[in-house]
Amino acid sequence: MRQADTFNLRKFLTEGQLEKNLQEVDINLDDKEQSVVDDVKDEMSSILKTMDTELEKASKSTNEGLLTVASIAIALPAIMGLVAKFGKAAGAMVNKVLGKKPTDQDAYNQWMTKLGHIADELHHLYMAPLEAIVKKFVKDPAKAKKISSGIFHVIVATFLIASGVTAVKALQAKNLSLATLEGALSAVKGGEIKQFISGLFSA
């Protein structure tokens, strides 16, 4: 299975983290699912690179060099612009390769299962580098993990909505929290992504 061609994973991962991340990548995707993952790797790399740059800028606006709710608001527009671009690209690829959301219940369940596989693969490829970036600016490991997970769920929610998904109850993904995903889905639908992510930093 091809590994994601992200901009520089080693910059954000220790050798142990990188080894763990690459081991977790081995998911049994079919060719269509893999083609969706491969098609959006450039967009995901752009999100990671922009996150690192924008969070660095935002952290410099505080005396401690750490992120606050106020400073994260500075970084979010550029980051969320790329997340929206990713969602559009992923949604278009899903509709092209897997087809649009089926009306038949059995076909719909199978379609959602495939989306769950794609979400799991994205998690295995990109969660560790995303978390490594956040940890540079959020020193509490538990909080950094929660923030990283929340941001990742927003990314997934954006691509699901662009694919035609309106509810996530039928999604079968091993590494996603359906409760968090439902919250992210509501935030994306309601135009409240800024509030959702800012809430992760203030919690």
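Cut-offs applied
- Residues numbered from 1 in each chain as written.
- Predicted model: local features only at pLDDT ≥ 70, side-chain atom pairs only at ≥ 80, totals over all residues.
- Heavy atoms only, no water.
- pLDDT = per-residue confidence, 0-100.
- Contact = heavy atoms within 4.5 Å.
- Buried < 20%, exposed > 50% of the residue type's maximum accessible area, 1.4 Å probe, protein only.
- Helix = DSSP H or I, 4+ residues; strand = E, 2+ residues; numbered from the N terminus.
- Arc of directions from axis to C-beta.
- Core = buried A, V, L, I, M, F, W, Y, C linked by side-chain atoms within 4.5 Å.
- Salt bridge = Lys/Arg side-chain N within 4 Å of Asp/Glu carboxyl O.
- Expected span 1.5 Å × (residues − 1).
- 1 Å grid on protein atoms, 1.4 Å probe; cavity = no way out; pocket = protein on both sides within 12 Å on 5 of 7 lines; lining within 4 Å.
- Points joined across faces, edges and corners; volume = space filled by probe spheres on them.
- Nonpolar A, V, L, I, M, F, W, Y, C, P; charged D, E, K, R; others polar.
- Axes fitted to C-alpha atoms, helices over the stretch in contact; angles between N-to-C directions.
- Left-handed = near helix turned anticlockwise from the far one by under 90°.

## Thoughts on the confidence of the model for the chain
- Summary statistics for the chain give a mean pLDDT of 83 and a share of 82% for residues scoring 70 or more.
- Predicted confidence for residues 12–25 stays below pLDDT 50, and this span has 25 contacts to residues more than four positions away or in other chains.

## Side note on helix α9 (residues 193–202)
- For α9, the complete set of buried residues consists of Ile193, Ile197, Ser198, Leu200 and Phe201. Buried residues in α9, looked at end-on, bunch into an arc of 150°, giving them a common side.

## Digging into the nonpolar core
- One finds Met51, Phe86, Leu115, Leu122, Phe159 and Leu160 to be the most contacted residues of the largest nonpolar core, which totals 60 residues.
- Per-element tally for this core: the top contributor is helix α6 (residues 105–135), with 13 residues.
- Excluding residues that lie within four positions of it along the chain, leucine 115 makes contacts with Val94, Leu98, Phe159, Leu160, Val165 and Leu171.

## Notes on the pattern of salt bridges
- Enumeration over the complete set of coordinates arrives at six salt bridges.
- Residue aspartate 30 pairs with lysine 114 through a salt bridge whose shortest N-O separation is 2.4 Å. Taken together, the residues aspartate 30 in the loop between α2 (15–24) and α3 (31–39) and lysine 114 in helix α6 connect sequence positions 84 residues apart.
- Assessed through its relative accessible area of 27%, aspartate 30 is described here as partly exposed.
- Residue classification places lysine 114 among the partly exposed positions, given a relative accessible area of 25%.
- Residue lysine 136 pairs with aspartate 52 through a salt bridge whose shortest N-O separation is 2.7 Å.

## Looking at helix α8 (residues 178–189)
- Its 12 residues place the ends of α8 16 Å apart at the C-alpha level, agreeing with the 16 Å of an ideal helix rising 1.5 Å per residue.
- Every buried residue of α8 is listed here: Leu181, Ala184, Leu185, Ala187 and Val188. Down the axis, α8 shows its buried residues gathered within 160° of arc, on one side only. Exposed side chains of α8 directed beyond 90 degrees from the buried face belong to Ala179 and Lys189.
- As for α8, its buried residues are in contact with α7 (141–163) and α9.
- Glycine 191 lies just past α8 and shows a positive phi near 65°.

## Section: empty space enclosed by the protein
- Tallied over the full model, the rule gives two cavities of 30 Å³ or more.
- Lining the largest cavity we find Met51, Leu55, Ile72, Leu76, Ile79, Ile151, Ile197 and Phe201.
- Contributions of two or more residues to the lining of the largest cavity are made by α4 (41–59), α5 (69–97) and α9.
- A total of three residues in the lining of the largest cavity trace back to one element, the largest contributor, which is α5.
- For the lining of the largest cavity, a count of residues per class yields eight nonpolar, no polar and no charged.

## Considerations on the packing of α6 against α7
- Viewed as axis vectors pointing N to C, α6 and α7 meet at an angle of 145°, and their least axial separation amounts to 9 Å. As for how α6 packs across α7, the hand of that crossing is right-handed. Contacts between α6 and α7 involve Trp111, Leu115, Ile118, Ala119, Leu122, His123, Met127, Leu130, Glu131, Val134 and Lys135 from the former and Ala144, Lys145, Ile147, Ser148, Ser149, Ile151, Phe152, Ile155, Val156, Phe159, Leu160 and Ser163 from the latter.
- Here the contact of α6 with α7 is built from residues that sort into 16 nonpolar, four polar and three charged.

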